[in-house]
Amino acid sequence: MSFEMWAEKYRPKSLNQMVNQKDIVERLESFAKARNVPHCIFAGPPGTGKTTAALCLAHDLYGEAYRENLMELNASDERGINVVRATVKTFARVRTLGEIPFKILILDEADNMTGDAQQALRRTMERYTGTCRFVLIANYSGKIIEPIQSRCAPFRFTYLSKEEQEVHIKYIAEKEKVDLTEDGVNAIYDVCRGDLRRAINSLQAAASLGKPITSETVYAVVGHAHPADVRAMMKIAMDGNFVEARKRLREMILKFGVAGSDLIKQIHRELFRLDIPENWKINLAEIVGDVDFRLVEGADEEVQLSAFLARLTESSAKLKGG
Ligand SMILES: Nc1ncnc2c1ncn2[C@@H]1O[C@H](COP(=O)(O)OP(=O)(O)OP(=O)(O)O)[C@@H](O)[C@H]1O
Ligand SMILES: [Mg+2]
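Everything quoted here is computed from the prediction, not taken from an experiment. (Residues numbered from 1 in each chain as written. Chains lettered and ligands numbered in written order. Predicted model: local features only at pLDDT ≥ 70, side-chain atom pairs only at ≥ 80, totals over all residues.)

Asks: How would you summarise the overall build of the protein chain if you had to cite specific residues and measurements?
Replies: Along its length, the protein chain carries 15 helices and five strands. Projected onto its principal axes, the C-alpha coordinates of the protein chain cover approximately 80 × 45 × 30 Å. Taken across its 322 residues, the protein chain has 33% of its residues classed as buried. By sequence separation, contacts in the protein chain at least 24 residues apart represent 76% of the contacts at least 6 residues apart. (Helix = DSSP H or I, 4+ residues; strand = E, 2+ residues; numbered from the N terminus. Buried ≥ 20, exposed ≤ 12 C-beta atoms within 10 Å, placed from the backbone. Contact = placed C-beta atoms within 7 Å.)

Encoded structure:
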């Protein structure tokens with residue numbers, strides 16, 4: 001059995017294979033057609049197709065040999081701007097083979113560059129515009145200095161919708177001949193929320209167990225508690241059975257290896273689905289916020305989450321008492 005990452009195997013080669021990001025794809029296709037590309041900034045959350053779109057653009061522009069006209073660098077590389085400069089200089093020296101006079105440099109994690117490095121980058125971009133077009137990739141375009149932003153065409157990537165993610169995941173499952181239940185598809189969306197890379201990786205991890213993919217297998221492989229288990233734990237606490245609720249908590253942390261920080265986010269989500277008065281939700285949400293903060297600060301997960309369950313038990317006792 002050959003091991004291949006499905007996220008790579010199913011990475012689109014050409015712009016017309018991209019899932020959604022429709023406006024972006026249209027604009028990029030028009031660049032490819034005109035055989036001209038401005039400097040670009042691709043901004044947006046992880047796993048939504050930024051790197052993929054840049055590669056597809058190069059593919060559609062140069063054809064099969066696009067790799068020769070393309071360079072991918074990581075801006076947070078410790079050698080930073082010097083590598084960029086050296087690469088661009090080499091680009092400038094060696095003429096492109098085809099009719100397109102410029103090459104493309106993809107600069108990933110551009111938002112991690114220091115202000116000084118960005119200033120240097122800006123000068124390099126200006127100087128070599130004729131021979132090199134930049135595609136800067138960032139999670140937050142706000143971290144890129146104004147002078148660079150104003151020289152680039154901006155593209156904003158967004159998380160894929162539930163429907164789009166599902167269609168793509170089902171397509172891959174079918175190709176790979178894995179048995180994916182509807183409940184499994186929903187669970188993948190629940191944990192990945194439109195981050196397609198994560199969704200594909202979760203699908204592959206769940207498939208490797210070699211049985212039909214259900215919500216149980218999905219939550220187990222991604223190390224998340226099953227929402228139904230979280231809900232059950234909260235209900236038990238609210239029914240006044242703190243000891244049992246705490247047992248469930250320990251089980252999730254120890255047996256399934258769920259991280260406290262993930263669990264508190266799930267609790268937060270479930271909280272708003274509970275059948276309790278609005279002002280109680282507000283109260284409890286505040287406590288969840290405190291716990292979340294303490295966990296970030298490095299407090300003990302089990303102690304903090306137990307404390308939350310205690311408060312939950314306490315408040316529902318009060319609620320019932322009137
Ligand atoms: N819009 C999309 N259409 C098709 N496949 C996608 C899309 N977005 C992501 N993917 C899949 O997810 C994988 C990762 O996507 P990509 O590397 O483009 O993400 P990214 O936006 O660059 O994320 P990061 O910010 O983490 O670098 C791809 O290999 C591909 O399989
Ligand atoms: Mg990327």
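Asks: Go over the domain arrangement of the protein chain with me, naming the residues and quoting the values.
Replies: Once the domains are mapped, the protein chain shows domain 1 (6-156), domain 2 (162-222) and domain 3 (227-321). Here domain 1 and domain 3 have C-alpha centroids that lie 45 Å from each other. (Domains from an automatic or database assignment.)

Asks: So what's going on with the site of ligand 1? Which residues, and what values?
Replies: Near ligand 1 you find 19 residues, and of these Arg11, Pro46, Gly49, Thr51 and Thr52 are the closest. At the level of secondary structure, the elements contributing two or more residues to the shell around ligand 1 comprise helix H1 (6-9), helix H3 (50-62) and helix H9 (196-207). When grouped by side-chain class, the residues that make up the shell around ligand 1 number eight nonpolar, seven polar and four charged. Looking at which domains feed residues into the shell around ligand 1, each of domain 1 (6-156) and domain 2 (162-222) gives three or more. (Near = placed C-beta within 6 Å. Nonpolar A, V, L, I, M, F, W, Y, C, P; charged D, E, K, R; others polar.)

Asks: Mind laying out the environment of Ser306, listing which residues take part and the relevant values?
Replies: Within the secondary structure layout, Ser306 lies in helix H15 (residues 301-321). With 17 C-beta atoms packed within 10 Å, Ser306 lands in the partly exposed category. As a C-alpha pair, Ser306 and Phe242 span 64 residues in sequence and 8.8 Å in three-dimensional space. Residues in contact with Ser306, not counting those within four places in the same chain, are Arg246 and Leu249.

Asks: Outline the confidence of the model for the protein chain, supporting the account with residue identities and numerical values.
Replies: Of all residues in the protein chain, 98% have pLDDT values of 70 or greater, and the mean over the chain is 91. Averaged over each element, pLDDT in the protein chain is lowest for helix H4 (residues 80-93) (79) and highest for strand S1 (residues 40-43) (97). (pLDDT = per-residue confidence, 0-100.)

Asks: Run through unusual backbone geometry, naming residues and quoting values.
Replies: Backbone geometry at Asn20 places phi at a positive 50°, although glycine is not the residue there. Relative to the helices and strands, Asn20 is located in the loop between H1 and helix H2 (22-34). Since 21 C-beta atoms lie within 10 Å of it, Asn20 is described here as buried.

Asks: Describe the packing of helix H13 (residues 260-271) against H15, and please don't skip the residues or the numbers.
Replies: Each pair of packed helices can be summarised by the angle the axes make with each other and by the distance between the axes. Between H13 and H15, the least distance of the axes is 10 Å, while the angle of their chain directions is 20°. It follows that H13 is roughly parallel to H15 by the angle criterion. Seen along the crossing, H13 lies across H15 with a hand that is left-handed. Counted together, Gly260, Leu263 and Ile264 of H13 and Glu301, Gln304 and Leu305 of H15 form the full contact between these two elements. In the contact of H13 with H15, the residues fall into three nonpolar, two polar and one charged. (Axes fitted to C-alpha atoms, helices over the stretch in contact; angles between N-to-C directions. Parallel < 35°, antiparallel > 145°, perpendicular 65-115°, else oblique. Left-handed = near helix turned anticlockwise from the far one by under 90°.)

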